[in-house]
Amino acid sequence: MKKYDVIVIGSGCGINVVDEALAHGLSVALVDKGPLGGTCANLGCIPSKMLIFAADRIADIEEAKKLGIEAEIRDVDFGFIMERMRQSIRENQEHMRQALSHIENLDFYEGEGHFVDGYIIEVNGERIKGNKIFIASGSRPFIPPIKGLEGLGYLTNETVLQLKERPDSLIVIGGGYIAVEYGHFFAATGTRVSILEMADRLVLAEEPEISQVLKNELGRRMDVYTGVQAEEVKSNGHDVTVVVKDSQGGGHKEFTAQKILVAVGRKSNADLLKVENTGVEVDKRGFIQVNEYLETTKKNIYAVGDINGQQMFTHVANVEASLAADNAIHGNKKKMDYGAAPHAVYTHPQIASVGMTEETARKSHKVLIGKAKYSDVAQGEAMMEEIGFAKAVVDAVNGKLLGFHIIGPYAPILIQEAINAMASGGGIDQTRTSMHIHPSITELIPEVLSNLKNSTS
Ligand SMILES: Cc1cc2nc3c(=O)[nH]c(=O)nc-3n(C[C@H](O)[C@H](O)[C@H](O)COP(=O)(O)OP(=O)(O)OC[C@H]3O[C@@H](n4cnc5c(N)ncnc54)[C@H](O)[C@@H]3O)c2cc1C
């Protein structure tokens, strides 16, 4: 049996561990069942944002009318948009494969691995042993137990990327970030989209007022239903019908479309790894339990990225992987801190958020709330941006920033100033008083922080 200093399972954020271990002169085995590079590069962030970039341009053109520009889109080449994305992914995967094949001290096992015992993994019928093991095996789409769904040919974030032709109509089951991102893409390219969300609002992780603005705005371009639970799916060979229970109005309703996209959340890949064969424990949802050092319940086995179910975003996964590698390889004891972990939702309008929502913060802090609309600053006015706003949640006792939330154009860029403030201790004085270019939409950030009050209104 071949023995390694380090075994890494998963080539997404796991690559950070591979790099660190190799740089330290250790022998490394990388195990991945594909697609090489993991979810973000092949099935998640990158392909979705390549598609959404095109959707954003379409939305810009459609909205130009409010500025007095009469523009008409003559054609949207759906096949081209999809193929550009697939081509880029193929090329990146090929580069990665080439790079891996030339690295000394690294063996790449392309196949599905599982634990057979303590520190032994079996892959492609071969057993390998590691002194330290990093589980970075990610997550996959969660498919809810809806009657009739299995065997119906529904789309997920994985299969949707293989579409060659645009569906005329699409039902999206779910109202989280994947649902509202793909809802935006398909609606922009011309599909009639219906979003069916079980909860009483979209994007539950966000501030309720952000959910409300999003629902109103998406509702201008697609049908959005909240408080509806999909119970059954039927097909007539051509179209699919989703039967939902309406939690507000009572009774049942039916929605029919050419295709269904299921986007209701993520499932842990820990089951594929048979972690029960080692001492690694999972939580109630099946994600691997870790402590603040990202150690599992078994010594010398770490779990990083989606597989530990903490904050399932690439930038978080990469920081976790680097931190765990640092702890394991350099013998450090650094704790993972999620306090300034941000995220963005590339729907239309865009959303970005970092830290606590007002409701969460109020449970443990006395808070001040600041709010400002894009149109409160000169550039927002120039953009005729009437909907977008930002909100700050600040600790009333020490004046530190606890959370920041934005909905509107460039939200993922604008939020960085708040992320930096939080990452460097939460002080807001510098952000509030330092010069911001006038006019620029960045003036929104000090504007919000100058409006702090005891309550939201
Ligand atoms: C549609 C979509 C859009 C997203 N957009 C964003 C975004 O814009 N920004 C953002 O930050 N995050 C986004 N995410 C989330 C992001 O993709 C994940 O948080 C990130 O990819 C997790 O990385 P990871 O390394 O933990 O897992 P992964 O990248 O999933 O890597 C795990 C790898 O392990 C392999 N594997 C699993 N089990 C085994 C096994 N038993 N044996 C061998 N190999 C195995 C898998 O095949 C995979 O290659 C998006 C996700 C989706 C689905």
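Structure shown above.
The model shown is predicted, which means the values in this text are computed figures rather than measured ones.

Enquirer: Before we move on, could you go through the environment of G138 and cite the residues and values that matter?
Expert: Mapped onto the fold, G138 is located in the loop between β6 (126-135) and β7 (139-141). Considered as a pair, G138 and V304 are 166 residues apart in the sequence and their alpha carbons are 8.4 Å apart. Those residues in contact with G138, other than ones at most four positions away along the chain, are S268, N269, D306 and I307.

Enquirer: Talk me through the site of the ligand; I want residue IDs and the actual numbers.
Expert: Lining the immediate environment of the ligand, one finds 37 residues, of which C13, G34, T39, K49 and D306 sit closest. Contact distances for the ligand include 2.8 Å between an oxygen atom and a backbone N or O atom of C13. For the ligand, whose free accessible area comes to 1,000 Å², the fraction covered by protein is 96%. Counting only elements with at least two residues in the shell around the ligand, the list comes to β2 (28-32), α2 (38-42), α3 (45-63), α5 (177-189), α7 (270-273) and α8 (314-330).

Enquirer: So what's going on with helix α1 (residues 14-23)? Which residues, and what values?
Expert: Those residues of α1 not exposed but buried are G14, I15, V17, V18, A21 and L22. Projected onto a plane normal to the axis of α1, the buried residues spread over an arc of 155 degrees and lie on a single side. In the stretch just after α1, G25 is the one whose phi turns positive, near 80 degrees.

Enquirer: Summarise the state of the cysteines; cite the residues concerned and give the values.
Expert: If you walk through the whole model with that rule in mind, you get one disulfide. There is a disulfide in this structure between C40 and C45, and the S-S distance comes to 2.3 Å. In this structure the cystine formed by C40 and C45 twists about its S-S bond by roughly -135 degrees; its chirality is therefore left-handed. Take C45: its relative accessible area is 26%, and that puts it in the partly exposed class. You can see C13 has no disulfide; the closest cysteine sulfur is in C40, sitting 10 Å from it.

Enquirer: Can you break down the pattern of salt bridges residue by residue, with the values?
Expert: For side chains of opposite charge, pairing can occur when their charged atoms come near one another. Counting across every chain of the model gives 24 salt bridges. Each member of the salt-bridge network shares a partner with another, and the members are E207, E209, E358, R362, K371 and K391.

Enquirer: Before we move on, could you go through the sheet that holds strand β12 (residues 240-246) and cite the residues and values that matter?
Expert: On the basis of which strands lie adjacent, the open sheet formed by three strands has the order β11-β12-β13 and antiparallel pairing. Each of the sheet's edge strands pairs with one partner strand only, and the pair in question is β11 (228-235) and β13 (252-257). For this sheet, the mean inter-axis angle between neighbouring strands, taken without regard to orientation, is 25 degrees. Strand direction decides the pairing type here: β12 and β13, joined by six bridges, are antiparallel. Paired with V244 across the strands is K253, a residue of β13.

Conventions and cut-offs
Residues numbered from 1 in each chain as written. Predicted model: local features only at pLDDT ≥ 70, side-chain atom pairs only at ≥ 80, totals over all residues. Heavy atoms only, no water. Helix = DSSP H or I, 4+ residues; strand = E, 2+ residues; numbered from the N terminus. Contact = heavy atoms within 4.5 Å. Near = heavy atom within 4 Å. Polar contact = N/O pair within 3.5 Å; in protein donor to acceptor, adjacent residues only side chain to side chain. Areas by Shrake-Rupley, 256 points an atom, 1.4 Å probe, with all protein chains shown as cover. Buried < 20%, exposed > 50% of the residue type's maximum accessible area, 1.4 Å probe, protein only. Arc of directions from axis to C-beta. Disulfide = S-S within 2.5 Å. Salt bridge = Lys/Arg side-chain N within 4 Å of Asp/Glu carboxyl O. Pairing = 2+ DSSP bridges. Axes fitted to C-alpha atoms, helices over the stretch in contact; angles between N-to-C directions.

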